[in-house]
Amino acid sequence: MYGRDPWGGALEIADSGTDDDRSRNLQDLDRAALSRPLDETQQSWLLGPHEQKKKKYVDLGCIIVSKKIFVWTVGVILAAGLIAGFAALLVKTLPKHHHRPPPPDNYTLALRKALMFFNAQKSGKLPKHNNVTWRGNSGLNDGKSDSSSISKNLVGGYYDAGDAIKFNFPQSFAMTMLSWSVIEYSAKYEAAGELNHIKDLIKWGTDYLLKTFNSTADSIDRLVMQVGSGDTTEGATPNDHYCWMRPEDIDYERPVIECHGCSDLAAEMAAALASASIVFKDNKAYSQKLVHGAKTLFKFARDQRGRYSVGAEAATFYNSTSYWDEFVWGGAWMYYATGNNSYLSLATNIKMATHAGAFWGGQDYGVLSWDNKLAGAQVLLTRMRLFLSPGYPYEEALKTFHNQTSIYMCSFLPFFTSFNRTKGGLIQLNHGRPQPLQYVVNAAFLATLFSDYLDAADTPGWYCGPNFYSTDILRTFAETQIDYILGKNPRKMSYLVGFGNHYPKQVHHRGASIPKNKVKYNCKGGWKWRDSKKANPNVIVGAMVAGPDKHDGFHDKRMNYNYTEPTIAGNAGLVAALVALSGGKTTQIDKNTMFSAVPPMFPVAPPPPAAWKP
């Protein structure tokens, strides 16, 4: 077969050749020997199709991907890991800049010190962590010397002031105030790192109070009111006022004084145990023990009427003017601790409040102290109206107490003339009489607490007559008074020992005034330390002294106890006021813990009916 040769010659096509042979023949041509250049079409025909590279793949089991993509992906991941590791290493090696929490405010710092005073006042076998190096075990024979005493073991408790007497009346009030502050402000105590500390202090007091009567019985006919004696008359036998000795060195007998008709003392002790039972509600066994003791004491208070201090030595030091205020105060605490409405009915009895002086308006009206609990009781019951609102039949009385509380708060403000103030700004709640600070701190606590109650109830303030005042003004009042005590006063003196650089050095306190030098001074041997003009060898950190006079004057003299003697009742109010003010208004009160034992005021709503079925 012949065909036309497109390059000018004849081309013979052999039928017998296969396509593969022809292809190999073309590949064998010497392309360099061609006589003229080939155009594009000829080159493509002659050279044959372009060779393509074969793609490679990676089988990952669940998916097949291009090897190129796989390599790039793995590379990127490794690079990212290296960068991240380097960054982490860099962060670890660079110096760290922590955002430190703000330093504690003055109220928190003062709180920590004020609590230490109770460590210095402990009687009995001290725990290892007591942290007062100059104190030791004392009063280990209390109760043993009196064969007629209820208990042969009256070891423990607190000395009331600079002496070594244990008075149950102010001690119970101190424990009640501490417990109240914990119930309201436990979160603030925890923030200050002092919650466990104050609970230990409260338990130290309540453990002792449980020893002073038959706490396992349902009914009693007597209780211990005092351990130790304070007779100061000339020629008195060695006792806890006449002698000036360290408590650790006491070698004379300490009498146990009991009472059979002491409603005020028993009701105050009941308040202490009842309030503490709420503090220790998570320790059910101990809480129930406290509640049982409180019930026994309150029953005794109601059954055997009388003032504990009548005809007793205690009248010289802690005279009680009435027991009606303790009935209202104790009844309120008993209701919160038990939820028993009979206590609430008693506490909200207007006749009871009238007997206690709720509507008399005397010179001490509205002043909370170890003797007069009415102001505290009415604030405590106002709490119920604000947060529980029980309605009939309690509403009328609670409304009256709420109004009375509002009047108390008005009397604290500088716009009113119920109380004078010193030139330095200290309110004279005891009208210029000695030892003013114990009343001031209690008022500061109540004012701050009432302010926090109103804030928690979304109420911006309260009325004093036609004028409306915001809650902030109450807190300001409390701050100015506590600031005065901490050093913002004309003398620039802190009346809290150990706080600031200028504070009393001759505190009226025998344990602090006698050095711990392994020398045992006898009854009169310690008088040289009592009469010394030098500063106390031991600093009794956290003691709030009695305070200045009505002219802002202060005499730092050991024997002038009206200026320099601290008490546990006064310090308890200070602790309560300090914790209430600490941390500002960042943490509100605990509205619920107070009512933990109170049953629902109203019946629980019935469940909704079942869905209707045709």
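Every value quoted in this text rests on a predicted model; they were computed, and no experiment measured them. (Residues numbered from 1 in each chain as written. Predicted model: local features only at pLDDT ≥ 70, side-chain atom pairs only at ≥ 80, totals over all residues. Heavy atoms only, no water.)

1. So, helix α6 (residues 195-211)
(1) Moving on: A rise of 1.5 Å per residue sets the reference length of α6, with its 17 residues, at 24 Å; its end C-alpha atoms lie 25 Å apart and thus fit the reference within 8%.
(2) Moving on: Within α6, burial applies to Leu 195, His 197, Ile 198, Leu 201, Ile 202, Trp 204, Gly 205, Thr 206, Tyr 208, Leu 209 and Leu 210. (Helix = DSSP H or I, 4+ residues; strand = E, 2+ residues; numbered from the N terminus. Expected span 1.5 Å × (residues − 1). Buried < 20%, exposed > 50% of the residue type's maximum accessible area, 1.4 Å probe, protein only.)

2. Brief notes about the packing of aromatic side chains
(1) Moving on: Tallying each qualifying case throughout the model produces 33 aromatic pairs.
(2) Moving on: An angle of 10 degrees between the planes, with centres 5.3 Å apart, marks the rings of Phe 412 and Phe 477 as stacked. Of the two residues, Phe 412 sits in helix α14 (residues 395-412) while Phe 477 sits in helix α16 (residues 471-485), which places them 65 residues apart along the sequence.
(3) Moving on: Residue Phe 477 is classed as buried on the basis of its relative accessible area, which comes to 4%.
(4) Moving on: Aromatic side chains Trp 462 and Tyr 469 sit 6.0 Å apart centroid to centroid with 45 degrees between the ring planes, which places their arrangement in the tilted category.
(5) Moving on: With a relative accessible area of 4%, Trp 462 lands in the buried category.
(6) Moving on: Since its relative accessible area comes to 14%, Tyr 469 is described here as buried.
(7) Moving on: Among the aromatic residues, those joined into a cluster by ring pairs are Trp 180, Trp 329, Trp 333, Tyr 335, Tyr 336, Phe 445 and Phe 595.
(8) Moving on: The positively charged end of Lys 203 is found above the aromatic ring belonging to Tyr 286, 4.6 Å away from the centroid.
(9) Moving on: Residue placement shows Arg 383 over the ring face of Phe 595; its charged tip is 5.1 Å from the ring centre. (Phe/Tyr/Trp six-rings, centres within 6.5 Å; stacked < 30°, edge-to-face > 60°. Lys NZ or Arg CZ within 6 Å of the ring centre and 35° of its normal.)

3. A short note on the confidence of the model for the chain
(1) Moving on: Summing up the model confidence of the chain, the mean pLDDT is 89 and the portion of residues at 70 or higher is 87%.
(2) Moving on: For residues 1-36, every residue scores under 50 in pLDDT, and the model assigns this stretch 21 contacts once sequence neighbours within four places are set aside.
(3) Moving on: Under a pLDDT of 50 for its full length, residues 45-51 has, in the predicted model, nine contacts with residues more than four places off or in other chains. (pLDDT = per-residue confidence, 0-100. Contact = heavy atoms within 4.5 Å.)

4. Details of the packing of helix α5 (residues 168-191) against helix α10 (residues 324-338)
(1) Moving on: One way to put it is that α5 packs onto α10 with a least axis distance of 13 Å and a crossing angle of 40 degrees. Judged by the angle between their axes, α5 and α10 are oblique. Once α5 is placed against α10, the crossing between them reads as left-handed. For the pair α5 and α10, the contacting residues are Phe 169, Thr 176, Trp 180 and Ile 183 in the first and Glu 326, Trp 329 and Trp 333 in the second. (Axes fitted to C-alpha atoms, helices over the stretch in contact; angles between N-to-C directions. Parallel < 35°, antiparallel > 145°, perpendicular 65-115°, else oblique. Left-handed = near helix turned anticlockwise from the far one by under 90°.)

5. Quick notes on the state of the cysteines
(1) Moving on: Taken as a whole, this structure holds three disulfides when the rule is applied.
(2) Moving on: Taken in sequence order, the bonded cysteines of the chain link in the pattern 1-6, 2-3, 4-5. (Disulfide = S-S within 2.5 Å.)

6. Some remarks on the pattern of salt bridges
(1) Moving on: Counting across every chain of the model gives 20 salt bridges.
(2) Moving on: The salt bridge partner of Asp 282 is Lys 281, with a shortest N-O separation of 3.4 Å.
(3) Moving on: Judged by relative accessible area, Asp 282 falls into the exposed class, the value being 70%.
(4) Moving on: Note on Lys 281: relative accessible area 34%, which makes it partly exposed.
(5) Moving on: The salt bridge partner of Asp 455 is Lys 585, with a shortest N-O separation of 3.0 Å. In this pair, Asp 455 is assigned in helix α15 (residues 437-456) and Lys 585 in the segment after α20 (568-581), connecting sequence segments 130 residues apart.
(6) Moving on: Overall, the relative accessible area of 19% leaves Asp 455 in the buried class.
(7) Moving on: Given a relative accessible area of 40%, Lys 585 falls into the partly exposed group. (Salt bridge = Lys/Arg side-chain N within 4 Å of Asp/Glu carboxyl O.)

7. Structural notes on the sheet that holds strand β5 (residues 166-167)
Across a sheet, strands are paired by hydrogen bonds formed along the backbone, either parallel or antiparallel in direction.
(1) Moving on: Read across the sheet, three strands follow the order β5-β6-β7 without closing on themselves; strand pairing throughout is antiparallel. At either margin of the open sheet sits one strand with a lone partner, and together these are β5 and β7 (256-259).
(2) Moving on: Relative to strand β6 (residues 223-227), β5 runs antiparallel, the two sharing two bridges. Bridge pairing in β6 places Phe 167 opposite Gln 226. (Pairing = 2+ DSSP bridges.)

8. Concerning the side chain of Asp 163
(1) Moving on: Along the chain, the position of Asp 163 falls in the loop between α4 (106-120) and β5.
(2) Moving on: Although Asp 163 is buried, it forms no salt bridge, and the closest oppositely charged side chain is Arg 510 at an N-O distance of 5.7 Å.
(3) Moving on: Separated by 3.0 Å, the side chain of Asp 163 and the backbone nitrogen of Ile 165 make a polar contact.
(4) Moving on: When neighbours within four sequence positions are excluded, Asp 163 is seen to be in contact with Asp 240, His 241, Arg 510 and Glu 565. (Lys, Arg positive; Asp, Glu negative; His and termini not counted. Polar contact = N/O pair within 3.5 Å; in protein donor to acceptor, adjacent residues only side chain to side chain.)

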